[in-house]
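Descriptive analysis of the structure
What follows is each chain in one-letter form.
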Amino acid sequence: FDAMGRMFTLSREEIFNSVSEGANVTNVFMVQVVLATLVAAVGLMRNDTAILIGAMVIAPLLGPNMSLCLATTLGDWELVRKSLWANAVGLAIALVSALLIGTLFPITATQEAIAARVHVSPSDIILALASGCAGVLAYTSGASSALIGVMVAVALLPPFAVFGMLLAAGEFEAATGALMLVATNVICVNLAGTLT
């Protein structure tokens, strides 16, 4: 909506150009992944929601996932490849960062914020589906992606940081649960985004 309350939308070309930029692996993207993972890890260790939200505002994985949704919808296999590569690079960087943090700091699966991210619940599925829909709606309506980035990051980055930290701490069973949550969330975000 503009200042007069009129609804506006972006053209298909504007949406494609905007969303496909999210599949680019740049130095800024890689630094944002490291920073978001570090901030998320601190928030998880301190069980501090405000810090976790700070990590989510950075939202480095929003772009690759929204570009993957668009690529799937359009059947653009080159964009699918670029989006998957950007996701893989982002997750690899997040994993290395989380492993380092889990090695340097004492982490247990019983810490409240970490324990909440080691299993898949129906509410996690609902959150991931809503995040995928909201991300696409933000891009297609021209709305700010900051709030939507928070939602997508809720579903992706914190549980992946938990996976890496628990893996480094030797808590393999809990780490497997966190990885299952990440996989479920990635599938649900992209399924909902593609359908939307």
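Right, let's walk through the structure included here. (Residues numbered from 1 in each chain as written. Predicted model: local features only at pLDDT ≥ 70, side-chain atom pairs only at ≥ 80, totals over all residues. Heavy atoms only, no water.)

1. Considerations on the overall build of the chain
Stated precisely, the cut-off is as follows: Secondary structure elements follow DSSP: runs of H or I no shorter than four residues count as helices, runs of E no shorter than two count as strands, and numbering proceeds from the N terminus. With a 1.4 Å probe rolled over the protein chains alone, any residue whose accessible area is under 20% of its type maximum counts as buried; one over 50% counts as exposed, and the rest are partly exposed. In this analysis, two residues are considered to be in contact whenever any of their non-hydrogen atoms come within 4.5 Å of each other. For every accessible area listed, the method is Shrake-Rupley and the probe measures 1.4 Å; residues are considered covered only by the protein chains on display.
In terms of helices and strands, the chain carries 9 helices and 0 strands. Ordered by position from the N terminus, the helices and strands of the chain form the series α-α-α-α-α-α-α-α-α. Residues classed as buried in the chain amount to 45% of the 196 residues present. Of the contacts made within the chain by residues no fewer than 6 positions apart, 78% connect residues no fewer than 24 positions apart. Summing over all exposed atoms, the chain offers an accessible surface of approximately 9500 Å²; the carbon and sulfur share of this is 69%.

2. Here we look at the pattern of salt bridges
Put simply, the rule reads: Should a side-chain nitrogen of Lys or Arg be within 4 Å of a carboxyl oxygen of Asp or Glu, the pair is scored as a salt bridge.
This model, assessed by the stated rule, comprises 1 salt bridge. Of the charged contacts in the structure, one is a salt bridge between glutamate 78 and arginine 81, with a shortest N-O distance of 2.6 Å. Within this pair, glutamate 78 and its partner arginine 81 are both found in helix 5 (residues 77-104), separated by 3 residues, close to a single helical turn. The partly exposed category is assigned to glutamate 78, whose relative accessible area is 45%. On the accessibility criterion, arginine 81 (46% relative accessible area) is partly exposed.

3. Remarks on helix 4 (residues 62-74)
Under the convention used in this document: In a helix, the anticipated span is given by 1.5 Å times the number of residues less one.
For helix 4, spanning 13 residues, the distance from its first C-alpha to its last is 18 Å, which sits close to the expected 18 Å at 1.5 Å a residue. Burial analysis of helix 4 places 10 of its 13 residues in the buried class, which makes it a mostly covered element. Immediately downstream of helix 4, the backbone of glycine 75 shows phi near 70°, a positive value.

4. A short note on the packing of aromatic side chains
Cut-off, in case you're wondering: Note on aromatic pairs: the rings of Phe, Tyr and Trp (six-membered ring only in Trp) are paired at centre separations within 6.5 Å, and the planes decide the class, stacked below 30 degrees, edge-to-face beyond 60, tilted for the rest.
Scanning all chains against the criterion turns up 1 aromatic pair. Ring geometry for phenylalanine 160 versus phenylalanine 163: centroids 5.7 Å apart, planes at 40°, classification tilted. A residue pair is termed a helical-turn pair when its members lie 3 or 4 positions apart in one helix, as phenylalanine 160 and phenylalanine 163 do in helix 8 (residues 145-168) at 3 residues. Here phenylalanine 160 and phenylalanine 163 have matching classes, each one buried.

5. Let's talk about the packing of helix 4 against helix 9 (residues 172-195)
What counts, and what does not: With axes taken as lines fitted to C-alpha atoms, and helix axes fitted only over the stretch in contact, angles between N-to-C directions fall between 0 and 180 degrees. The labels follow the angle: roughly parallel below 35 degrees, roughly antiparallel above 145, roughly perpendicular from 65 to 115, and oblique for the rest. Should the near helix be turned anticlockwise from the far one by less than a right angle, the crossing is termed left-handed; should it be turned clockwise, right-handed. Under the scheme applied here, ten amino acids are nonpolar (Ala, Val, Leu, Ile, Met, Phe, Trp, Tyr, Cys and Pro), four are charged (Asp, Glu, Lys and Arg), and all others, including Gly, are polar.
Between helix 4 and helix 9, whose axes approach to 8 Å, the crossing angle comes to 50°. One element, helix 4, and the other, helix 9, form an angle in the oblique class. Note on packing geometry: the crossing formed by helix 4 with helix 9 is right-handed. Between helix 4, through Asn65, Met66, Leu68, Cys69, Thr72 and Thr73, and helix 9, the contact on the second element is made entirely by Val186, Val189, Asn190, Gly193 and Thr194. A class-by-class count of the residues in the contact of helix 4 with helix 9 yields 5 nonpolar, 6 polar and no charged.

6. Describing the nonpolar core
Put simply, the test is: Take the buried Ala, Val, Leu, Ile, Met, Phe, Trp, Tyr and Cys residues and link them wherever side-chain atoms come within 4.5 Å; each set so joined is a nonpolar core.
Ranked by internal contacts, the top residues of the largest apolar core, which has 32 residues, are Leu44, Ile114, Val162, Met165 and Leu166. Elements with a contribution of two residues or more to this core: helix 2 (27-46), helix 3 (49-58), helix 5, helix 6 (112-115), helix 8 and helix 9. Ranked by residue count, the leading element in this core is helix 8, at 8 residues. Methionine 165 has contacts with Ala41, Leu44, Ala98, Ile101, Gly102, Ile107 and Ile114, leaving out every residue within four places of it along the chain. Core analysis: the second largest hydrophobic core is formed by 16 residues, Val19, Leu62, Leu79 and Cys188 among them.

7. Here's the deal with the state of the cysteines
As a reminder of what qualifies: The criterion for a disulfide is a pair of cysteine sulfur atoms lying within 2.5 Å.
Under the counting rule described, the total for this entry stands at 0 disulfides. With no disulfide partner, cysteine 69 has as its closest neighbouring cysteine sulfur the one in cysteine 133, 9.3 Å distant.

8. A short note on a nonpolar patch on the surface
As a reminder, the rule being used: Note that patches include only residues with greater than 30% relative accessible area and no salt bridge, and the join distances are 9 Å for like charges and 5 Å for nonpolar side chains (Val, Leu, Ile, Met, Phe, Trp, Tyr).
Where nonpolar side chains cluster on the molecular surface, the patch consists of Val120, Ile125, Leu129, Met180, Leu191 and Leu195 and spans about 530 Å² of accessible area. Looking at the nonpolar patch, the elements with two or more residues in it are helix 7 (122-141) and helix 9. When residues of the nonpolar patch are assigned to their parent elements, the largest contribution, 3 residues, is made by helix 9. Its location among the elements puts methionine 180 in helix 9.

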